[in-house]
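Overview (structure and organization)
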There are 6 protein chains.
Amino acid sequence: MTIALYPGSFDPGTNGHIDIAIRAAALFDKLFVAVYDTPSKQLLFNTKERVDLFEKAVAHIPNIKVIPYTGLTVDFARKVGAKVIVRGLRMSSDFEREFEMALMNKKVAPDIEVVCLMANLEFQFLSSSLLKEVGSLGGVISTLVPKHIEEALRKKFSSTRKQ
Amino acid sequence: MTIALYPGSFDPGTNGHIDIAIRAAALFDKLFVAVYDTPSKQLLFNTKERVDLFEKAVAHIPNIKVIPYTGLTVDFARKVGAKVIVRGLRMSSDFEREFEMALMNKKVAPDIEVVCLMANLEFQFLSSSLLKEVGSLGGVISTLVPKHIEEALRKKFSSTRKQ
Amino acid sequence: MTIALYPGSFDPGTNGHIDIAIRAAALFDKLFVAVYDTPSKQLLFNTKERVDLFEKAVAHIPNIKVIPYTGLTVDFARKVGAKVIVRGLRMSSDFEREFEMALMNKKVAPDIEVVCLMANLEFQFLSSSLLKEVGSLGGVISTLVPKHIEEALRKKFSSTRKQ
Amino acid sequence: MTIALYPGSFDPGTNGHIDIAIRAAALFDKLFVAVYDTPSKQLLFNTKERVDLFEKAVAHIPNIKVIPYTGLTVDFARKVGAKVIVRGLRMSSDFEREFEMALMNKKVAPDIEVVCLMANLEFQFLSSSLLKEVGSLGGVISTLVPKHIEEALRKKFSSTRKQ
Amino acid sequence: MTIALYPGSFDPGTNGHIDIAIRAAALFDKLFVAVYDTPSKQLLFNTKERVDLFEKAVAHIPNIKVIPYTGLTVDFARKVGAKVIVRGLRMSSDFEREFEMALMNKKVAPDIEVVCLMANLEFQFLSSSLLKEVGSLGGVISTLVPKHIEEALRKKFSSTRKQ
Amino acid sequence: MTIALYPGSFDPGTNGHIDIAIRAAALFDKLFVAVYDTPSKQLLFNTKERVDLFEKAVAHIPNIKVIPYTGLTVDFARKVGAKVIVRGLRMSSDFEREFEMALMNKKVAPDIEVVCLMANLEFQFLSSSLLKEVGSLGGVISTLVPKHIEEALRKKFSSTRKQ
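For every chain, the first residue of the written sequence is number 1, and numbering continues from 1 onward in sequence order. Think of it this way: whatever chain is written first is A, whatever ligand is written first is 1, and the rest follow in order. In keeping with the model being predicted, local features are shown solely for residues with a pLDDT of at least 70 and side-chain atom pairs are shown and tallied solely at 80 or more, while totals for entire chains, interfaces and linings include all residues. Remark: hydrogens and water are excluded; side-chain values derive from all non-hydrogen atoms of the structure.

Focus on the relation of the copies chain A and chain E
With an RMSD of 0.0 Å, the operation that places chain A on chain E is a rotation of 120° combined with a shift of 0.0 Å along the axis. Taken together, the turn and the small shift mark the pair as related by a three-fold rotation axis. Across chain A, the smallest distance between a C-alpha and the rotation axis is recorded for D94 of chain A, namely 6.3 Å. Our superposition of the copies is a least-squares fit, built on the C-alpha atoms of residues whose pLDDT is at least 70 in both.

Focus on the pattern of salt bridges
Residues and elements named next belong to chain C. Salt-bridge detection follows one rule: a side-chain nitrogen of Lys or Arg within 4 Å of a carboxyl oxygen of Asp or Glu. Under the defined criterion, the tally for this structure stands at 58 salt bridges over all chains. Among the salt bridges present, the one from K147 reaches E150, with a minimum N-O distance of 4.0 Å. Of the two residues, K147 and E150 are both situated in helix α6 (residues 147–162); the distance of 3 residues between them amounts to about one turn of the helix. Between buried and exposed lies partly exposed: a residue is buried under 20% and exposed over 50% of the maximum accessible area for its type, with that area taken using a 1.4 Å probe on protein chains only. Residue K147 is classed as exposed on the basis of its relative accessible area of 58%. A residue is classified by how much of its surface remains accessible, and E150, at 14% relative accessible area, is buried. Secondary structure elements follow DSSP: runs of H or I no shorter than four residues count as helices, runs of E no shorter than two count as strands, and numbering proceeds from the N terminus.

Quick look at the sheet that holds strand β5 (residues 113–118) of chain A
One key point about sheets: their strands pair by backbone hydrogen bonds, in either a parallel or an antiparallel sense. In spatial order, the strands read β3(A)-β2(A)-β1(A)-β4(A)-β5(A)-β5(D)-β4(D)-β1(D)-β2(D)-β3(D); together these 10 strands make up an open sheet with mixed pairing. Two strands close off the open sheet at either side, each with one partner strand: β3 (64–69) of chain A together with β3 (64–69) of chain D. On average, each strand axis in the sheet is tilted by 35° relative to the strand beside it, whichever way the strands run. We treat two strands as partners when DSSP finds at least two bridges between them. With 2 bridges connecting them, strand β1 (residues 3–8) of chain A and strand β4 (residues 84–89) of chain A associate as parallel partners. Looking across to β4 of chain A, one finds that L5 of chain A is bridged to I85 of chain A. Only heavy atoms enter the contact rule, under which two residues are in contact if any of them lie within 4.5 Å. Here an angle of 0 to 180 degrees is reported between the N-to-C directions of two axes, which are lines fitted to C-alpha atoms, with helices fitted over the stretch in contact. The sheet strands contacting helix α4 (residues 95–108) of chain A are β4 and β5 of chain A together with β4 (84–89) and β5 (113–118) of chain D, and the helix crosses β4 of chain A at an angle near 175°. Relative to β5 of chain D, helix α1 (residues 15–27) of chain D is tilted by about 125°, and along the sheet it contacts β4 and β5 of chain A together with β1 (3–8), β2 (30–36), β3, β4 and β5 of chain D.

A look at the relation of the copies chain A and chain D
At an RMSD of 0.0 Å, chain A and chain D line up after a rotation of 180° and a shift of 0.0 Å along the axis. What the superposition gives is, in effect, a two-fold axis relating one chain to the other. Closest approach to the rotation axis among the C-alpha atoms of chain A is made by C116 of chain A, whose C-alpha sits 2.4 Å away. When the interface residues of chain A are mapped onto chain D, 100% of them are again interface residues, pointing to one common binding face.

Notes on α1 of chain D
Residues and elements named next belong to chain D. For a helix, the expected span equals 1.5 Å multiplied by the number of residues minus one. With 13 residues, α1 extends 19 Å from end C-alpha to end C-alpha; this agrees with the ideal 18 Å at 1.5 Å per step. The buried count for α1 comes to 11 of 13 residues, which makes it a mostly enclosed element. Residues N15, G16, H17, I18, D19, I20, A21, R23, A24, A25 and L27 constitute the buried set of α1. We define a polar contact as two N or O atoms separated by no more than 3.5 Å, with the added condition that, inside protein, one atom must be a possible hydrogen donor and the other a possible acceptor, whereas residues neighbouring each other in sequence contribute only through side-chain atom pairs. Where α1 begins, one side-chain oxygen reaches toward the backbone nitrogen of G16, 3.1 Å away; that side chain belongs to T14.

Quick look at the interface of chain A and chain E
Taken residue by residue, the interface counts 12 residues in chain A and 14 residues in chain E. Buried area between chain A and chain E, summed over both chains or domains, comes out near 1200 Å², and the portion from carbon and sulfur atoms is 70%. Buried area is a sum: the accessible area each of two parts loses on coming together, probed at 1.4 Å, counted once for each and added. Counting the surface chain A buries against chain E, the share from its top three residues, L72, E100 and M104 of chain A, is 48%. The tally of links between chain A and chain E comes to 0 salt bridges. Run the count over chain A and chain E and you get 0 residue pairs in polar contact (both at pLDDT 80 or more). For the side of chain A that touches chain E, the leading source of residues is α4 of chain A, giving 9 residues. Each residue is assigned to one of three groups, with Ala, Val, Leu, Ile, Met, Phe, Trp, Tyr, Cys and Pro labelled nonpolar, Asp, Glu, Lys and Arg labelled charged, and all others, Gly among them, labelled polar. Classifying every residue of the side of chain A that touches chain E by side-chain character gives 7 nonpolar, 1 polar and 4 charged.

Focus on the pairing of strand β2 (residues 30–36) of chain E
Residues and elements named next belong to chain E. Of all the 7 residues making up β2, 5 are buried; the element is thus mostly covered by neighbouring parts of the structure. Relative to β2, strand β1 (residues 3–8) runs parallel, the two being bridged by 6 bridges. Looking at β2, one finds that L5 is bridged to F32. Crossover handedness is defined here as right-handed if the route from the first strand over the helix to the second strand goes clockwise, with the strands pointing away from the viewer. Crossover β1 to β2 through helix α1 (residues 15–27) is right-handed. Here β2 pairs with strand β3 (residues 64–69) via 6 bridges, running parallel. Note that in β3 the partner of L31 across the bridge is I64.

Regarding the interface of chain A and chain D
Interface extent is often summarised as the accessible area lost during association of the parts. Contact with chain A, which involves 27 residues of that partner, is made by 27 residues of chain D. Both sides of the chain A and chain D interface together cover about 2300 Å² of buried area, and 74% of this is carbon and sulfur. If you sort the residues of chain A by the area they bury against chain D, L27, F99 and M118 of chain A come out on top, with a joint share of 30%. Between the two partners, chain A and chain D, sit 2 salt bridges. One salt bridge in this structure joins R23 of chain D and E113 of chain A, with 2.6 Å as the shortest N-O distance. For the interface between chain A and chain D, the tally reads 5 residue pairs in polar contact (both at pLDDT 80 or more). Looking at the side of chain A that touches chain D, the elements that each hand over two or more residues are α1 (15–27), β4, α4 and β5 of chain A. The element that contributes the greatest number of residues to the side of chain A that touches chain D is α4 of chain A, accounting for 7 residues. Two strands pair when backbone bridges link them, and β5 of chain A and β5 of chain D are joined in this way by 3 bridges, in the antiparallel orientation.

Structure (structure tokens):
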């Protein structure tokens with residue numbers, strides 16, 4: 001049985017992230033979507049919110065489980081028995097950073113494989129940061145995230161504006 | 001009549017930005033240089049200063065008007081009747097970010113066209129941030145900005161140092 | 001009146017090229033699609049075929065004219081009175097080559113402006129060479145070119161296979 | 001059971017290609033190494049030689065099978081029942097070309113997944129073309145290919161020189 | 001006598017930086033490793049610590065001297081009589097930024113030459129920031145820095161965690 | 001005494017190549033400009049012509065010598081006692097290829113150092129191939145090459161056209 005881990009901050013998960021998770025779940029026996037648990041002030045949603053929003057979006061896929069994690073990604077992968085780390089690549093990815101991380105992972109955990117899936121065309125230019133920028137300025141984001149994440153974003157932006 | 005919009009933070013406008021504005025004004029009937037109005041603490045000049053510095057640099061071009069704006073760039077473009085957004089590209093541009101924005105714009109405003117001009121050779125490696133870095137350390141910047149912007153920078157840097 | 005020139009080898013024109021031509025024609029008063037007239041053995045269609053195929057695809061746009069040309073692009077631009085050269089950019093463009101050409105043009109013809117339009121999302125990963133590769137191997141290309149160009153490609157590939 | 005396909009021209013397979021094949025074979029139930037069967041004059045080895053050289057290098061891995069193929073890669077993947085196409089990425093990969101192919105594949109065969117593995121550090125800068133260039137000029141290549149491929153290269157180069 | 005300057009923040013120097021310094025010292029008569037003296041809150045070590053850690057790592061190379069500096073790099077180069085500035089390049093370098101700085105330097109100090117050395121393979125994917133990220137999460141870093149720098153990092157991380 | 005080697009095909013040497021050679025000669029005690037001796041049909045000038053054209057351009061620099069070579073560059077470097085190989089980088093360089101070669105060199109000849117100089121701004125977008133393309137089409141090239149190379153190009157192009 002091959003277990004895979006799809007790590008990220010997912011602040012929030014977009015249709016692009018969700019698509020990668022579902023495609024990865026079709027390739028491996030079990031997929032953990034691992035939400036990095038960090039109290040960073042630069043994130044819009046807290047860890048519990050980010051886990052819940054992603055969980056709801058993939059609730060219909062039986063072999064996906066969304067969980068928070070801290071520490072080195074490879075250490076967490078070992079803890080849950082994953083021998084594969086999944087990454088989604090977009091043309092606008094920072095490939096150098098991806099290689100740095102993959103090769104650093106290989107150095108500290110040669111037993112764990114990094115596997116990359118390429119984002120589908122409609123998600124090539126969708127990032128969490130651009131999504132939040134457009135959404136915070138009142139732009140249409142209904143084609144970029146599921147309905148419940150769109151609503152969570154609207155709520156977050158309106159409360160921010162009131163402050 | 002084709003109206004174009006050249007948006008940016010212009011903190012401050014450099015000889016490179018001014019060159020793009022003048023070349024764009026030669027292609028279209030009217031050009032709005034739109035200065036993003038943001039109270040960011042990371043900017044050196046406030047919005048009014050950034051508008052005034054750019055305005056003075058292009059005062060001799062009759063069909064350019066410099067104005068502040070907020071919100072989504074495409075929304076502002078529609079408000080002033082612009083069907084073209086102008087971007088200046090340098091070799092050292094973040095092309096991925098440019099494409100992300102252009103394609104996101106296309107999604108939320110398919111009626112507005114993004115048009116790119118390439119920076120001339122002498123401005124290929126000139127950015128506002130490098131300009132400020134060199135200027136703040138006492139380097140020569142007289143060939144990179146007009147005289148009145150050089151003076152505004154000197155004044156800003158000397159007041160910063162006194163603090 | 002602003003005349004623009006959209007040069008290329010267009011072997012053959014794809015839906016991506018046609019989209020750029022139509023968008024450029026909406027920005028300028030007249031657009032010449034200039035097909036580079038070269039007897040290269042690496043091209044699939046001869047110059048007349050390439051002109052005719054593109055012409056038929058844009059026949060409904062009154063201010064576009066498709067013509068063959070030879071020599072330096074900037075020289076030809078001057079001959080037809082164009083002060084703008086249009087280029088279509090895709091994420092997978094060779095940006096360095098684009099800058100080399102634009103800056104070389106600027107050096108030999110400072111009066112002519114290079115203006116870039118970004119390919120729409122659905123054409124981001126469509127190139128003439130990939131199109132021909134997929135088509136020659138029997139892949140589906142009906143969403144990548146107009147019907148009459150698809151037929152011309154099919155005819156060309158079947159005659160090639162017979163040889 | 002998940003079957004994967006690792007396609008390439010492998011002229012010849014290097015230690016980098018062999019490493020990718022072995023790592024992919026550990027992730028999936030069966031791996032076909034598919035050698036593109038083309039009579040190109042630009043290749044050093046013919047199809048049979050390329051298949052045999054790779055076959056010998058992975059003979060000890062029971063779930064790898066090396067076979068020649070022609071036509072569209074996705075069509076061949078379907079024929080052998082593979083739902084995964086494996087690609088090896090190096091920092092010096094042409095990522096744009098990789099994306100073009102992956103997205104074109106997705107368009108003509110949405111049921112097939114492209115999965116990328118990143119080359120290990122010691123193979124990051126090893127390509128078949130550089131290998132052949134260095135080998136043909138008498139450079140040391142014993143750390144870049146298995147012994148039997150090194151010998152095949154030496155034989156090929158010495159016969160070429162005699163001509 | 002050719003004097004060279006190798007500037008950086010070195011927070012801390014890695015095996016990659018130390019390798020570049022030693023290789024540069026073999027090419028030129030004297031090498032100053034110049035540690036940028038900045039009170040930035042984003043750095044882990046203060047200037048004195050960064051100088052001392054690097055100094056200890058190259059103590060066995062007679063023609064290297066490690067010193068702090070402020071202001072424009074080219075101004076400091078002139079002050080110590082250096083006509084060469086050394087930069088280490090990795091595949092994952094920001095080449096555009098490197099060119100911007102080199103060309104800006106050329107503009108303000110045409111008499112000073114920027115010379116680039118390429119990182120060796122084992123240091124290609126090693127950066128100070130990735131080192132600190134991995135180290136702070138408890139990953140193994142003993143192959144990435146000398147023993148005394150590893151210990152300094154451990155001490156720093158454990159004191160940070162206690163806060 | 002440090003001897004350096006600046007290898008290339010130089011078909012022909014441009015003002016950019018000549019500038020790199022002169023700057024490198026100022027850094028090292030002796031510089032060999034090594035012209036790759038290949039009977040390629042894709043080159044415009046034969047090896048003797050390429051050596052002579054470059055020689056004439058740097059005749060006033062006493063420590064530069066222009067010579068033809070064949071075989072591995074590192075082998076030739078050793079033969080002439082050079083411990084440094086000089087490369088000129090432009091923004092539009094193929095950095096991946098540069099790294100591949102540098103790291104391959106390091107593998108087969110760890111004693112030889114590759115040193116890169118960055119092209120000056122005015123030569124950033126000048127390549128031999130673009131030069132020949134513009135020159136062959138009758139464009140102005142007098143600012144891109146020395147007078148005697150411009151004349152050699154004119155002669156070559158006019159004889160080609162007559163054929």
